[in-house]
Amino acid sequence: MKKFLLALMLFCTGIISLNATHNIAGEITTTCNSDGSITVRVTTYTNSLSPADRCELVVEWGDNVVQTIYRTNGIMNNVCTNAGDGVLVPNYANTKMNYYEATHTYSPGTYTIRIKDPNRVTGIENIPNSVNVPFYLQTTIVVDPNLGCNSSPQLTVIPLDKACRGSCFYHNPGAFDPDGDSLAYSIGPCLDTNGTPIVGYQFPDAAGGGVMSIDAITGDLSWCSPQLAGKYNVVIYIEEWRRLINGRREKIGTVLRDMSIDVIDNCNNDNPVIPDLPDLCVDAGTLVNFSFTVTDPNADNVRMEGYGGAFNVTPAATLSPVNVMQPTPLNATFNWQTDCDRVRLQPWTVTFKATDNGSPVQLVDIESVNITVVSPGPPTLTVAPQGSSMILNWGTNPCNPAGNPVLGYKIYRRQGPSGWNPAQCETGVPSSTGFVLIATVSGLNTLTYTDSNNGAGLIPGVDYCYRVHAYFLDGAESYASPEECSELKRDVPVITHVDVTSTSATTGTIDVHWVNALANGIDFDTTQHLPPYELRIFRNDGFVSNLSTQIQVASLTANAFYQLPTLFQDVNLNTAGTPYTYRIEFYSGANVDYLGFAQPASSVFLSTTPSDNQILLTWQDTTPWTNYQYAIFRFNNTTTTWDSIGLSTGNSYVDDSLVNGVQYCYYVKAHGSYFNALLPPLLLNRSQEKCDAPIDLTAPCPPNLGVHSDCFLALNQLQWTNPNNMNCGTDDVVSYNIWYTPTDSGSMIIIATILVSSDTTINFTNLTSVAGCYAVTAVDTFGNQSAFSNIVCVDNCPEYTLPNVFSPNGDNINDLFIPFPYRYVESIDIKIYDRWGMMVFTTTDPALNWDGRDRNTGRLCTDGVYYYVCTVNEIRLQGIVTREITGFFHLFGKDVRGE
């Protein structure tokens with residue numbers, strides 16, 4: 001009976017193994033429906049002779065829902081009959097393609113969809129015992145209302161392919177993204193049902209020789225060249241990336257494709273050759289048309305195929321001839337009429353595949369071309385001045401793709417014409433043109449913008465130039481609009497000078513100059529704006545013109561326009577300690593009508609920062625004109641004149657080679673201009689005078705430290721470099737501080753000071769512990785201390801060993817139980833037991849000094865074997881470290897004293 005049961009079990013196991021051996025390759029793809037639900041298609045490729053093929057699979061949706069889904073292809077009369085269903089794959093004997101489909105609704109989140117199906121086909125070279133390894137697929141999706149309805153990449157080339165041993169193998173999955181997202185490719189190991197690499201898995205090139213790689217952008221997989229025949233499986237990951245409105249790229253899905261490569265032996269064939277083809281960038285509406293010649297080293301016939309998203313849109317790309325064996329050399333032609341709906345940030349990848357008719361394996365070559373389609377920009381742009389603003393109007397962007405709509409427009413401004421004309425596919429407005437982004441507006445039909453310089457007003461006399469371009473949902477940008485320039489009307493004064501004419505904390509003076517409105521009847525019409533005229537001058541402390549805190553410092557009137565003044569001197573100021581900003585308002589008529597204001601302008605304010613033998617000068621100003629250069633002046637005590645000592649195009653200058661402790665005085669003269677022919681060409685404005693004395697506040701360079709530690713001699717020797725000799729700008733070190741902490745987590749303290757800079761060695765001897773961390777700092781003649789040198793830590797070598805015998809018999813030889821010479825031990829805790837387990841001695845003294853007497857009775861212990869447990873507290877770099885030692889020793893105690 002037992003034999004019968006055993007035979008039955010073996011028979012059943014054999015049936016299960018046989019029935020479960022069928023999976024070759026596959027993937028999971030998803031499609032987003034209009035209601036937001038997700039339709040999943042699981043595609044598997046299986047052995048058609050295996051009875052394991054089923055009408056259903058179990059899918060894990062990734063949200064704790066598990067569902068049985070059913071086969072949808074090759075079903076007769078809507079009735080699934082397991083092995084009789086599916087679709088046979090041409091050129092792959094006994095192989096079926098099966099679709100299993102279902103629809104699911106998710107909440108927002110990230111989900112991994114999985115299927116697990118026993119088992120793989122037998123004989124996969126790079127998967128040990130593949131016949132008993134379950135088949136596993138997964139796809140990750142992101143459900144996010146902010147991303148819209150998103151579908152996974154779709155794969156147009158089956159994951160089955162053949163290779164010849166000794167010849168390069170090429171494959172491309174033919175992926176395209178229906179939403180226009182960017183795809184990235186990589187390869188990985190086949191996974192087990194936990195989603196981790198199968199134990200013992202090897203990449204095909206590791207198991208079969210050659211080198212396998214994949215182009216991360218085009219998905220072109222190459223294996224040059226397999227050396228061992230057999231079946232191999234590898235995973236291709238297709239990641240889906242989207243550029244968000246904020247410019248950040250985010251991964252929004254990953255498809256795992258498990259593909260099979262069958263390497264055939266004894267091939268006498270070579271790959272056909274497609275020439276290298278360049279990537280293209282074209283304007284929407286361009287007909288892309290090019291031809292190329294395919295050759296074959298063996299003069300085999302060749303069949304051409306084309307893959308990629310361009311073949312799956314309307315109008316679709318075409319390749320001619322296609323799917324027909326033709327003699328070589330073969331002239332192939334690609335055509336694609338682009339339109340606005342093809343505009344997107346990512347290029348369209350078109351993959352050409354040439355397959356020869358060699359035997360026993362038809363070899364291939366693949367070549368991918370990236371085609372970027374860009375949008376024309378707004379066709380027109382007008383710019384008109386209005387008060388202190390510019391009014392911009394532009395034409396609607398010609399392209400507004402259905403799946404990638406225009407989100408709005410970006411507006412750019414610069415001063416003066418750029419002379420820039422966009423090159424082919426140079427979209428947007430590059431920063432190299434000098435344009436600066438000043439605004440972004442939303443909506444395809446938002447076609448106007450008022451530039452008021454964020455409410456501060458634009459500057460009269462400046463030629464403002466503008467460009468506008470559209471931006472799309474995926475981050476793509478159109479070409480820029482034409483460039484248009486304009487100036488504000490000169491209908492208000494223009495400040496030209498805020499010049500510090502004397503420096504004082506109480507009686508300083510500033511001269512303010514301006515040019516009045518241009519009374520030419522166009523900019524300013526005196527027949528429209530009648531006298532009297534008034535200029536009101538306002539002042540603010542600092543660099544900002546604040547209407548709520550400004551002080552009116554003057555009111556200047558005239559009964560005729562030509563009588564208006566152009567100069568005002570402001571007095572009794574703290575020019576030594578405060579910069580000032582001025583603003584001028586313009587009024588006219590008996591009713592004192594407000595006509596506008598001059599853009600505010602500040603004085604130049606100088607600051608100084610002394611250091612070793614030098615002074616750093618920095619300055620600030622806020623002006624409507626451009627200060628393009630600054631002259632630096634220093635007072636000459638010998639000649640009692642101001643000498644020009646340098647020029648700067650920035651806002652700082654270093655005056656060096658000075659004498660510490662000596663006072664030096666400076667001012668800065670700004671050279672500026674509006675660069676306008678109707679305004680003064682050169683505007684000179686001085687800062688206040690500022691005096692300072694250089695002082696050495698610069699710390700020396702830190703030394704470089706080395707430590708030699710001798711644990712046995714209890715010696716630490718420190719040696720370091722003298723910063724005066726390090727060519728680091730230090731030349732006045734006079735002493736050193738030695739820093740120490742006994743543990744690596746402690747705080748450093750000074751333990752020694754060396755008062756001679758040439759003395760760069762110190763020895764610490766007879767140490768109770770060599771453990772610790774050291775650093776050295778250098779100190780200069782002004783008491784400036786360097787940063788720590790490198791910190792060097794050393795450790796102890798603790799030793800504590802007990803003897804295995806002692807004889808407390810009073811003969812003065814080995815009468816005490818003591819350790820061998822020990823070192824770097826803080827304390828111990830020892831307990832000694834007799835053979836009955838009674839404690840006869842205990843101490844915390846590392847020296848022990850046990851005379852063999854029982855702690856309870858005071859009598860000598862009897863001869864015999866004793867056991868000890870000793871906790872040793874060692875002094876180490878990290879602090880006190882506990883170590884436990886145990887052992888036995890013999891006590892021989894016949895006392896010569898008669899005890």
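About the criteria used
Residues numbered from 1 in each chain as written. Predicted model: local features only at pLDDT ≥ 70, side-chain atom pairs only at ≥ 80, totals over all residues. Heavy atoms only, no water. Helix = DSSP H or I, 4+ residues; strand = E, 2+ residues; numbered from the N terminus. Rg over C-alpha atoms; globule rule 2.2 N^0.38 Å. Buried < 20%, exposed > 50% of the residue type's maximum accessible area, 1.4 Å probe, protein only. Contact = heavy atoms within 4.5 Å. Areas by Shrake-Rupley, 256 points an atom, 1.4 Å probe, with all protein chains shown as cover. Lys, Arg positive; Asp, Glu negative; His and termini not counted. Charge placed at Lys NZ, Arg CZ, Asp CG, Glu CD. Pairing = 2+ DSSP bridges. Salt bridge = Lys/Arg side-chain N within 4 Å of Asp/Glu carboxyl O. Axes fitted to C-alpha atoms, helices over the stretch in contact; angles between N-to-C directions. Disulfide = S-S within 2.5 Å. Polar contact = N/O pair within 3.5 Å; in protein donor to acceptor, adjacent residues only side chain to side chain. Patch = residues over 30% accessible without salt bridge, like charges linked within 9 Å, V, L, I, M, F, W, Y side chains within 5 Å. Phe/Tyr/Trp six-rings, centres within 6.5 Å; stacked < 30°, edge-to-face > 60°.

### Topic: the overall build of the protein chain
And step 1. Helix and strand content of the protein chain: two helices and 58 strands.
And step 2. Radius of gyration (C-alpha) of the protein chain: 44 Å, far over the 29 Å computed for a compact globule of 899 residues.
And step 3. When its C-alpha atoms are laid out on the principal axes, the protein chain stretches across 130 × 110 × 55 Å.
And step 4. Within the span of the protein chain, comprising 899 residues, buried residues form 50% of the whole.
And step 5. Relative to all contacts within the protein chain whose residues are 6 or more apart in sequence, the contacts with residues 24 or more apart total 66%.
And step 6. Carbon and sulfur atoms make up 52% of the accessible area of the protein chain, which amounts to about 40800 Å² in all.
And step 7. Positive and negative side-chain charges in the protein chain, numbering 45 and 84 respectively, have mean positions lying 8 Å apart.

### Describing the pairing of strand E42 (residues 641-648)
And step 1. Bridging between strand E41 (residues 626-636) and E42 involves seven bridges; their strand directions are antiparallel. Bridging from a neighbouring strand, Ile-632 pairs with Gly-646 of E42.
And step 2. Here E41 hands over to E42 after four residues, with Thr-640 in that stretch at a positive phi of 55°.

### So, the pattern of salt bridges
And step 1. One pass over the structure, following the stated rule, counts 23 salt bridges.
And step 2. Across the pair Asp-795 and Arg-876 runs a salt bridge whose closest N-O atoms are separated by 3.2 Å. Note that Asp-795 is positioned in the loop between strand E53 (792-794) and strand E54 (805-806) and Arg-876 in strand E57 (residues 864-876), a separation of 81 residues in sequence.
And step 3. For Arg-876, a relative accessible area of 24% puts it in the partly exposed group.
And step 4. In this structure, Glu-874 and Arg-883 form a salt bridge, with 2.6 Å as the shortest nitrogen-oxygen distance.
And step 5. Since its relative accessible area comes to 30%, Arg-883 is described here as partly exposed.

### Some thoughts on the sheet that holds strand E49 (residues 733-741)
And step 1. Read across the sheet, four strands follow the order E50-E49-E52-E53 without closing on themselves; strand pairing throughout is antiparallel. Looking at which strands have only one partner, the edges of the open sheet turn out to be strand E50 (749-754) and E53. On average, each strand axis in the sheet is inclined to that of its neighbour by 25°, with strand direction left out of account.

### Considerations on the state of the cysteines
And step 1. As enumerated under the stated definition, the model contains 10 disulfides in all.
And step 2. A sulfur-sulfur separation of 1.7 Å characterises the disulfide bridge that pairs Cys-281 with Cys-425. What sets the handedness of the Cys-281 and Cys-425 disulfide is the S-S torsion sign, and at about -105° it is left-handed. Of this pair, Cys-281 sits in strand E18 (residues 280-283) while Cys-425 sits in the loop between strand E27 (406-415) and strand E28 (436-442); the two residues are 144 residues apart in sequence, bridging distant segments of the chain.
And step 3. Note on cysteine connectivity: Cys-465 is disulfide-linked to Cys-485, with sulfurs 2.0 Å apart. Taking the sign of the S-S torsion, about 110° here, the bridge from Cys-465 to Cys-485 comes out right-handed.

### Considerations on the sheet that holds strand E37 (residues 580-588)
And step 1. Across the sheet, which stays open at both edges, the four strands sit in the order E35-E34-E37-E38 with antiparallel pairing between neighbours. In the strand order of this sheet, the two ends are held by strand E35 (551-558) and strand E38 (593-602), each with one partner. Neighbouring strand axes in the sheet, compared pairwise and without regard to direction, differ in orientation by 20° on average.
And step 2. Across nine bridges, strand E34 (residues 533-541) lies against E37 in antiparallel orientation. Each residue of the ladder has a partner; that of Asn-540, found in E37, is Thr-581.

### Some thoughts on the environment of Gln-569
And step 1. The topology assignment puts Gln-569 in strand E36 (residues 567-573).
And step 2. On the basis of relative accessible area, Gln-569 is assigned to the partly exposed category, the value being 42%.
And step 3. Considered as a pair, Gln-569 and Ser-368 are 201 residues apart in the sequence and their alpha carbons are 73 Å apart.
And step 4. Residues in contact with Gln-569, not counting those within four places in the same chain, are Thr-501, Thr-509, Ile-510 and Asp-511.
And step 5. Of the polar contacts made by the side chain of Gln-569, one reaches the side chain of Asp-511; its length is 2.9 Å.

### Let's talk about a nonpolar patch on the surface
And step 1. Among the surface-exposed residues, Tyr-628, Phe-675, Leu-682 and Leu-684 lie close enough to one another that they form a single nonpolar patch of about 380 Å² accessible area.
And step 2. Considering the arrangement of structural elements, one finds Phe-675 in the loop between strand E44 (664-673) and strand E45 (683-686).

### Here we look at the environment of Trp-61
And step 1. Among the structural elements, Trp-61 can be located in the loop between strand E3 (56-60) and strand E4 (66-71).
And step 2. Between the C-alpha atoms of Trp-61 and Thr-140, which are 79 residues apart in sequence, the distance is 10.0 Å.
And step 3. Beyond its immediate stretch of four places on either side in the chain, Trp-61 contacts Val-40, Gln-67, Ile-69, Ala-102, Thr-103, His-104, Tyr-106, Tyr-111, Thr-112 and Ile-113.

### Examining the packing of aromatic side chains
And step 1. For the structure shown, the criterion picks out 39 aromatic pairs.
And step 2. Taken together, a centroid distance of 6.2 Å and an interplanar angle of 85° make the contact between Phe-290 and Phe-352 edge-to-face. Residue Phe-290 is found in strand E19 (residues 287-294), and its partner Phe-352 is found in strand E23 (residues 348-356); the two are separated by 62 residues along the sequence. For the pair shown, Phe-290 and Phe-352 are each scored as buried.
And step 3. Counting every residue linked through ring pairs, the aromatic cluster contains Phe-806, Phe-817, Phe-841, Trp-850, Tyr-866, Tyr-868 and Phe-889.

By themselves, these observations are geometric and do not establish any function.
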